[in-house]
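The residues making up each chain are set out below.
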Number of protein chains: 2
Amino acid sequence: MIIIVDAFGGDNAPLEVLKGCQEAVAKLGVNIILTGSSQKLKDCASANEISLDGMEIEHTDDVFDIHEEPKEIIKSGKNTSMALGLKLLADGRGDAFVSAGSTGALVMGATFIVKRIKGIKRIAPSPVLPADKGSFLLTDAGANTECRPEMLVQFAVMGSAYMEKVMGIDKPKVGLLNIGAEDSKGRELEIETYKLLQQSGLNFIGNIEARELPKGECHVVVTDGFTGNIALKLYEGMGSFFSKKMKWIFSGAGTLGALFSLSKIKLLKKQMDYKEVGGSALLGVKKPVIKAHGSSDAKAFYNAVRQAAKCVEGNVAGEIEKYVSTMAAVSKE
Amino acid sequence: MIIIVDAFGGDNAPLEVLKGCQEAVAKLGVNIILTGSSQKLKDCASANEISLDGMEIEHTDDVFDIHEEPKEIIKSGKNTSMALGLKLLADGRGDAFVSAGSTGALVMGATFIVKRIKGIKRIAPSPVLPADKGSFLLTDAGANTECRPEMLVQFAVMGSAYMEKVMGIDKPKVGLLNIGAEDSKGRELEIETYKLLQQSGLNFIGNIEARELPKGECHVVVTDGFTGNIALKLYEGMGSFFSKKMKWIFSGAGTLGALFSLSKIKLLKKQMDYKEVGGSALLGVKKPVIKAHGSSDAKAFYNAVRQAAKCVEGNVAGEIEKYVSTMAAVSKE
């Protein structure tokens, strides 16, 4: 299996990318194609004693600037490390693509270069978030700020396929993010989506309120990209706020009691650490595209590559296509 | 000053209501009108040795069921403790009203019984949430799921008046809850609201992303009622999740180290405790109406009465009316 990796995406590129890829080659047995400046990558690898075994480099000097408009990614003439990776994926040179660059550009590039699965209306970046019981997938987490009910149903279908094939969950529970439990709650969007989800054949458990999210009571949380992005960032923000407070509580408490609690704190940190999960799958693309967190370190890159490999193995895109074509056939009857 | 209190709203009524009111009479020097079953209140007071000095009871046997449709509150013939309180407020029998009953019913009842401030389009329940630096007001936190830009601007105006007059903050900073910092981010609603807020004369600091909320960098966070409710409930949910985890970390760690950290934990708990702030002000009503949290205990009820008294003293409703009429005059020029 070949995973293409944007070597110049994210805050810690290229060093942490290289470290993560080295580990992926060693542990997962995958091959890697790195996109980006060949000289810089070789220099960085040799300066940090990183072996490039199992990796090849596709050279380009250009890097997509995170502050640029997303649509710039598809402008001809520009050959950024992200755009090159997407083109290689579209051309069949690799099986999946990982980048920690701009989410907007990656969604745009994936849509127009790699293309959508037949029948899928929109691509949805869908991170898996840590929770008290296991983890849950949030979809859409930021791409489509205005959605129609059919789009939310597709997000639910794609999220279910992902949780089943990649996370190994049988009949994933799907919840609609809403402001109350009753089916009359929410906007027109939620009321209509609720009805469609009931008929979808998915394991729809009804509305889920935001306060339930950290408990991890359902596996796929469906919402529009505006609400999803607010929820995602608040989830991350509250997590790092409490993590900071935890440090403060223990600062200066260097006693047996603190040591006793330390193992539990480590367990909690590991449980709530997004780096353990990898990145955010761009569901709806013909081939797996993973958006790694902008601040990814080596561990996060390793996990993003692992996640990409699992998407390939589980044939998530194929599963989604199969489901969507069945749905289309049913609705035509 | 007379504060009317729904003695049968919330999960812990009437005992915790009575305890909170007793403390409010003693410490704040206010008088209280309780609405609800006279016999039950007297029995509860005597069984728990609570003095009813400074309180009078307006009797009704009916209580609004939290599961009923909000519009039931304004049906004639029904005289629930909540509806009665709102009528007494409208009739000038008291200066403000506090209830821990159904938010939807309270918004509906306040709108049709007490009425809106002239020029105000919608009433917005606006809780003050604890944050690292002080606290912030979230508006709308749940009533108006579909909003127009002018409505969001009014929420910002009302929130600013509240933070200035009740919380004593000079020129409160207003942020628009959005999915990015740039003025081009968000839906049509955010893009248009951004422009209007820039011209509003308020201390508008631009878009604020959800991950910044726990830091408390701005004083008034403006959004529509759907997004606001998702943010509010996630904020509360994450708070109680981490509070639970904190307990777990310290369970069994009964040593000096744990004791050392305990004072810091108490400080953090006090800082992040919504009960310290009181309830959620229903901004836009002619007279102060405070929605106390459904699970309010005596302390929370005391603080809600204190908050109601501060709204009366600061003449928040008058300030809002003044601002809105100035705005109307300016826009007519």
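The structure displayed is predicted, hence computed values, not measured ones.

J.: Please give an account of the environment of phenylalanine 155 of chain A that cites residues and values.
T.: All names here are of chain A. Tracing the backbone shows phenylalanine 155 in helix α5 (residues 149–165). Overall, phenylalanine 155 belongs to the buried group, its relative accessible area being 1%. C-alpha of phenylalanine 155 to C-alpha of aspartate 224: the two residues are 69 residues apart in sequence and 9.2 Å apart in space. Apart from residues no more than four positions distant in its own chain, phenylalanine 155 is found in contact with Arg122, Ala124, Thr139, Asp140, Asn144, Cys147, Val222 and Thr223.

J.: So what about the confidence of the model for chain A? Which residues, and what values?
T.: Taken residue by residue, chain A gives an average pLDDT of 91. The fraction at 70 or more is 93%. Model confidence for the complex: the whole-complex pTM is 0.92, and ipTM, which rates the interface, is 0.91.

J.: So what's going on with the packing of helix α3 (residues 81–90) of chain A against helix α4 (residues 103–114) of chain A? Residues and values would help.
T.: Residues and elements named next belong to chain A. Following both chains from N to C, one finds α3 and α4 inclined at 30°, their axes separated by 10 Å at the closest point. Classed by the angle they form, the pair α3 and α4 counts as roughly parallel. Helix-helix and strand crossings are classified by hand; for α3 and α4 the assignment is right-handed. On α4, the residues that touch Met82, Ala83, Leu86, Lys87, Leu89 and Ala90 of α3 are Ala105, Leu106, Gly109, Ala110, Ile113 and Val114. Residues of the contact of α3 with α4, tallied by class, amount to ten nonpolar, one polar and one charged.

J.: Give a detailed account of the interface of chain A and chain B, specifying residues and quantitative values.
T.: At the interface, 50 residues of chain A touch 50 residues of chain B. Of the roughly 4,700 Å² buried at the junction of chain A and chain B (both faces included), carbon and sulfur atoms supply 73%. Ranking the residues of chain A by area buried against chain B places Ile179, Phe226 and Leu234 of chain A at the top, with a combined share of 14%. The interface formed by chain A and chain B includes eight salt bridges. Lysine 245 of chain A is paired through a salt bridge with aspartate 132 of chain B; the nearest N and O atoms lie 2.9 Å apart. Put simply, chain A and chain B have eight residue pairs in polar contact (both at pLDDT 80 or more) between them. Elements represented by at least two residues in the side of chain A that touches chain B include exactly α6 (188–198), α7 (225–250) and α8 (256–271) of chain A. Ranked by residues supplied to the side of chain A that touches chain B, first place goes to α7 of chain A with 20 residues.

J.: Account for the environment of glutamate 236 of chain B, naming residues and giving values.
T.: The residue glutamate 236 of chain B is located in helix α7 (residues 225–250) in this model. A relative accessible area of 23% means that glutamate 236 of chain B is categorised as partly exposed. Sequence separation of glutamate 236 of chain B and leucine 129 of chain B is 107 residues, and the distance between their C-alpha atoms is 9.1 Å. With residues up to four places along the chain from it excluded, the contact list for glutamate 236 of chain B reads Arg211 of chain A together with His293 of chain B.

J.: Can you tell me about the sheet that holds strand β6 (residues 135–139) of chain A, naming the residues and giving the values?
T.: All names here are of chain A. Here we have eleven strands laid out as an open sheet, ordered β3-β2-β1-β4-β11-β10-β5-β6-β9-β7-β8, and mixed in their pairing. Each edge of the sheet is formed by a strand with only one pairing partner; in this case those strands are β3 (55–59) and β8 (203–208). Within the sheet, the average angular offset between the axes of one strand and its neighbour, ignoring direction, is 25°. One ladder, built from five bridges, connects strand β1 (residues 2–6) with strand β2 (residues 31–36); its direction is parallel. Note that in β2 the partner of aspartate 6 across the bridge is threonine 35. Most of the contacts of α3 go to strand β4 (residues 96–99), to which it runs at about 170°, and overall it touches β1, β2, β3, β4 and β11 (289–291). Docked against the sheet, α4 engages β4, β5 (124–130), β10 (280–283) and β11, running at close to 170° with respect to β11.

Definitions and limits used
- Residues numbered from 1 in each chain as written.
- Chains lettered and ligands numbered in written order.
- Predicted model: local features only at pLDDT ≥ 70, side-chain atom pairs only at ≥ 80, totals over all residues.
- Heavy atoms only, no water.
- Helix = DSSP H or I, 4+ residues; strand = E, 2+ residues; numbered from the N terminus.
- Buried < 20%, exposed > 50% of the residue type's maximum accessible area, 1.4 Å probe, protein only.
- Contact = heavy atoms within 4.5 Å.
- pLDDT = per-residue confidence, 0-100.
- Axes fitted to C-alpha atoms, helices over the stretch in contact; angles between N-to-C directions.
- Parallel < 35°, antiparallel > 145°, perpendicular 65-115°, else oblique.
- Left-handed = near helix turned anticlockwise from the far one by under 90°.
- Nonpolar A, V, L, I, M, F, W, Y, C, P; charged D, E, K, R; others polar.
- Buried area = accessible area lost by both parts, 1.4 Å probe.
- Salt bridge = Lys/Arg side-chain N within 4 Å of Asp/Glu carboxyl O.
- Polar contact = N/O pair within 3.5 Å; in protein donor to acceptor, adjacent residues only side chain to side chain.
- Pairing = 2+ DSSP bridges.

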